[in-house]
Amino acid sequence: MIKKGKIPGNPAFLVTDNPEAPSIQIAARYNVPSKILDWKSYSKKEEYHRDLLKFLQEISPDLIVACGYMRILKPEIIQAFPNRIINIHPSLLPSFAGLHAQKQAFEYGVKIAGCTAHFVDEGVDSGPIILQGVVKIEEGMTERELTLAILKEEHKILPLAVKYFCEDRLSIKDRKVSIL
């Protein structure tokens, strides 16, 4: 969407904790530099988070998109970039926060599921909600089909949330995000 001019911004850097992430090849294709901070190579979590914070402060991004990032960010990182970190989560928050959200929804028997683009705060999937995408759970739908349907919605709402941020159209008051 950025390349097509639909999002007024430029990806400055890809930072990943997964050396096998497909996003590394995608970033290379678009000449976006990337850095791998493999958390497995650190003996202490604190060292990993210290290096991540140091690097983020060096590149000073306007926005951090925690897409596919499966770690809880330390408060120091969140405080350094308040309301500048967006995450996508595969449930209609506040329901089914944390890991395995699609499985939780499927096992619980909800009739609708979906995904949420939200700002990251110091809780787990508890930040102010920007957008949500809904998936109706059809009779006979498998957990895998639900996961794929939610992923399709994620691909719609995350770029839209980023677009609104880049256009300075998001306002937060008392945890509520308004789109201007």
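Coordinates for the structure precede this section.
Rules used in this analysis
Residues numbered from 1 in each chain as written. Predicted model: local features only at pLDDT ≥ 70, side-chain atom pairs only at ≥ 80, totals over all residues. Heavy atoms only, no water. Helix = DSSP H or I, 4+ residues; strand = E, 2+ residues; numbered from the N terminus. Buried < 20%, exposed > 50% of the residue type's maximum accessible area, 1.4 Å probe, protein only. Axes fitted to C-alpha atoms, helices over the stretch in contact; angles between N-to-C directions. Parallel < 35°, antiparallel > 145°, perpendicular 65-115°, else oblique. Left-handed = near helix turned anticlockwise from the far one by under 90°. Contact = heavy atoms within 4.5 Å. Nonpolar A, V, L, I, M, F, W, Y, C, P; charged D, E, K, R; others polar. Polar contact = N/O pair within 3.5 Å; in protein donor to acceptor, adjacent residues only side chain to side chain. Pairing = 2+ DSSP bridges. Salt bridge = Lys/Arg side-chain N within 4 Å of Asp/Glu carboxyl O.

> Tell me about the environment of Ser-60, and please be specific about residues and values.
Mapped onto the secondary structure, Ser-60 falls in the loop between helix 2 (45-59) and strand 3 (64-66). By relative accessible area, which is 48% here, Ser-60 ends up partly exposed. Residues Ser-60 and Leu-92, 32 residues apart in the sequence, show an inter-C-alpha distance of 31 Å.

> So, the packing of helix 4 (residues 101-108) against helix 5 (residues 143-166): which residues are in play, and what are the values?
For the pair helix 4 and helix 5, interaxial distance at closest approach is 10 Å and the crossing angle is 125°. As far as their axial angle goes, helix 5 and helix 4 are oblique. As helix 4 packs across helix 5, the resulting crossing turns out to be right-handed. For the pair helix 4 and helix 5, the contacting residues are Gln-102, Lys-103 and Phe-106 in the first and Glu-143, Leu-146, Thr-147 and Ile-150 in the second. Within the contact of helix 4 with helix 5, the residues separate by chemical class into three nonpolar, two polar and two charged.

> Outline the side chain of Thr-16, listing residues and values.
Mapped onto the elements of the fold, Thr-16 is located in strand 1 (residues 14-16). According to the relative accessible area criterion, Thr-16 is buried, its value standing at 10%. In this structure the side chain of Thr-16 is engaged in a polar contact, spanning 3.0 Å, whose partner is the backbone nitrogen of Asn-18. Non-local contacts of Thr-16, meaning those with residues more than four positions away in its chain, are made with Ala-21, Ile-24, Lys-35, Ile-36 and Leu-37.

> Can you explain the pairing of strand 7 (residues 170-173)? Please cite residues and give values.
The pairing of strand 7 with strand 8 (residues 176-179) spans four bridges and is antiparallel. The partner of Leu-170 across the bridge, within strand 8, is Ile-179. Between strand 7 and strand 8, which follow one another and run antiparallel, lie two residues, and Asp-174 among them has a positive phi close to 50°.

> I'd love a proper account of the pattern of salt bridges, names of residues and values included.
The tally for this structure, following the rule as stated, stands at seven salt bridges. Of the charged contacts, one joins Arg-50 and Asp-51 as a salt bridge, the two residues approaching to 3.3 Å between their closest N and O atoms. Judged by its relative accessible area of 24%, Asp-51 falls in the partly exposed class. Linking Asp-121 and Arg-175 is a salt bridge whose minimum nitrogen-to-oxygen distance equals 3.9 Å. With Asp-121 in the loop between strand 5 (112-119) and strand 6 (129-136) and Arg-175 in the loop between strand 7 and strand 8, this pair connects stretches of sequence that are 54 residues apart.

> Lay out the sheet that holds strand 5 with the relevant residues and their values.
What the four strands build is an open sheet, ordered 3-4-5-6; its pairing is mixed. The sheet terminates laterally at strand 3 and strand 6, the two strands that pair on one side only. Strand-to-strand, the axes of this sheet are offset by a mean angle of 15°, without reference to chain direction. As paired elements, strand 5 and strand 6 share seven bridges and run antiparallel to each other. By the bridge assignment, Gly-114 is partnered in strand 6 with Val-134. Sheet strands touched by helix 5: strand 3, strand 4 (85-89), strand 5 and strand 6. Its angle to strand 6, the strand with the most contacts, is close to 155°.

Keep in mind these numbers describe shape, not what the thing actually does.
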